[in-house]
Amino acid sequence: MEVDRQRAVAVAADAFRAHGITDADAAQTAEVLVSADARGKHSHGLLRLPRFVRGIESGNVDPTGSIDVVSETGGAATISGGSRLGPVVASAAAAEAMDRADEFGVGVVGVHDSNHLGMLGYYTDQLQREGYVGIAITNTEPAMPPHGGSEPVLGTNPIAIGLPTEPVFNLDMSTSAIARGTVLHKKETSEELPSGVALDADGQPTTDPTAALEGTILPFGGAKGSGLAIAVEVLAGGLVGAAMGSDVTGTYHTTDPCTKGDLFLAIDPDAMGASDFSERASDFLADLTEREPAAHVDEIRLPGQRSVERDRSATAIEVDEELWTEVRELAADE
């Protein structure tokens, strides 16, 4: 069903407020979730709201927790999120990275003691809109094995990169063959998975999303995706003082305390001596999209181009009717 965007944000914010979240944090988190739905990334949209609420009810979210810089040297800093809602902490970390980039040319900010942050590309989009090159990574609960293994030890560990260009370039990708949020969405909508992306609990290939959630998701590209996932695990986890591997909890099963980490990077192109970077990069990207497409393709698009443009213009979002009913009930919306 179609829901007016402003109403979706208002009802989602009411749901958070009804569970003890401050007005500002409720509005900010609601906006992040609805933005994902506007981009067609329903796996990270309002579908996540009931899980956020379960995390609040379990005591894993502190509505009044303090977001503090606990370590800093020049352009680098680490933030403790005070167990606030993940989108609130992530937005604060992105802002801190931009402040440090203004002073030092580059800002690198790690985060621990936060919660699930929603769609990672939301924050790199924030960074690139302000003129920075934005890079963000985060680790998640174990969901896939390293290449050649069968035991889920690595998270799906997404990577996002945003460039201050027009046309839009905002890469937001999981290191798994399919995002766990997408598996969850397909379970909720009774859809099958593509073949070759998941194993069941017995290590057998499956297209059943329920069996995949009980088993393991595979890395994309075999050893390549596995290698990236391992790097993210160490950089977004170990480097910022958060958990790694089997010690990561609370990003999917939100009734558990969240122990994952995040890492945000803002680069000021002027600090690299590239004062014309945005113009040159924009020209290059435009040239790519204007090339002759393959016979089976209508047009060449850049990562995130269509979804971000859709988000910028969307006045309504698509929401599953049962999910919308649940969100309204959580908000006590009549």
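Because the structure is a prediction, the values reported are computed rather than measured.

Q: Whenever I open this one, the overall build of the chain confuses me. Can you help?
A: Helix and strand counts for the chain stand at 11 helices and 11 strands. In summary, the chain has a C-alpha radius of gyration of 19 Å against a globular reference of 20 Å for 334 residues, a match within 12%. Taken along its principal axes, the extent of the C-alpha atoms in the chain is 50 × 50 × 40 Å. Burial analysis of the chain (334 residues in total) assigns 51% to the buried set. Of the roughly 14600 Å² of accessible surface on the chain, 49% is carried by carbon and sulfur atoms. Where the 23 positive side-chain charges of the chain centre and where its 53 negative ones centre are 3 Å apart.

Q: So what exactly am I meant to see when it comes to a nonpolar patch on the surface here?
A: A contiguous nonpolar patch, built from I230, V234 and M244 and spanning about 230 Å² of accessible area, is present on the exposed surface. With respect to the element layout, V234 can be found in helix α8 (residues 223–237).

Q: Whenever I open this one, empty space enclosed by the protein confuses me. Can you help?
A: Empty space among the atoms becomes visible once a probe the size of a water molecule is rolled across them. In the structure shown here, the tally under the stated rule is 1 cavity of 30 Å³ or more. Of the volumes computed, that of the largest cavity is approximately 70 Å³. Around the largest cavity, the lining residues are R51, F52, G55, N60, V61, N115, H116, G250, T254 and D256. Its residues assigned to classes, the lining of the largest cavity shows 2 nonpolar, 6 polar and 2 charged.

Q: Explanation requested: the nonpolar core in the structure shown.
A: For soluble globular proteins, the rule of thumb is that nonpolar side chains tend to be buried together. F16, L46, L49, L85, I317 and W324 are the most contacted members of the largest nonpolar core, which has 32 residues in total. Secondary-structure elements contributing two or more residues to this core are α1 (5–17), α2 (23–38), α3 (49–57) and α11 (321–330). Contacts of L85, omitting those with residues within four sequence positions, involve F16, I21, D25, T29, F52, I56 and V61. M98, L117, Y123 and A266 belong to the second largest nonpolar core, which has 23 residues in total.

Q: Please clarify how the environment of S174 should be interpreted in this entry.
A: Following the sequence through the fold, S174 ends up in the loop between β7 (169–173) and α6 (180–188). Considering only alpha carbons, one finds S174 and A223, 49 residues apart in sequence, at a separation of 14 Å. Leave out the neighbours within four places in its chain, and S174 touches T156, P158, A179 and F220. A polar contact of 3.1 Å, which involves the side chain of S174, links it to the backbone oxygen of T156. Within the local environment of S174, its side chain forms a polar contact with the side chain of S176, the two groups lying 2.5 Å apart.

What counts and what doesn't
Residues numbered from 1 in each chain as written. Predicted model: local features only at pLDDT ≥ 70, side-chain atom pairs only at ≥ 80, totals over all residues. Heavy atoms only, no water. Helix = DSSP H or I, 4+ residues; strand = E, 2+ residues; numbered from the N terminus. Rg over C-alpha atoms; globule rule 2.2 N^0.38 Å. Buried < 20%, exposed > 50% of the residue type's maximum accessible area, 1.4 Å probe, protein only. Areas by Shrake-Rupley, 256 points an atom, 1.4 Å probe, with all protein chains shown as cover. Lys, Arg positive; Asp, Glu negative; His and termini not counted. Charge placed at Lys NZ, Arg CZ, Asp CG, Glu CD. Patch = residues over 30% accessible without salt bridge, like charges linked within 9 Å, V, L, I, M, F, W, Y side chains within 5 Å. Salt bridge = Lys/Arg side-chain N within 4 Å of Asp/Glu carboxyl O. 1 Å grid on protein atoms, 1.4 Å probe; cavity = no way out; pocket = protein on both sides within 12 Å on 5 of 7 lines; lining within 4 Å. Points joined across faces, edges and corners; volume = space filled by probe spheres on them. Nonpolar A, V, L, I, M, F, W, Y, C, P; charged D, E, K, R; others polar. Core = buried A, V, L, I, M, F, W, Y, C linked by side-chain atoms within 4.5 Å. Contact = heavy atoms within 4.5 Å. Polar contact = N/O pair within 3.5 Å; in protein donor to acceptor, adjacent residues only side chain to side chain.

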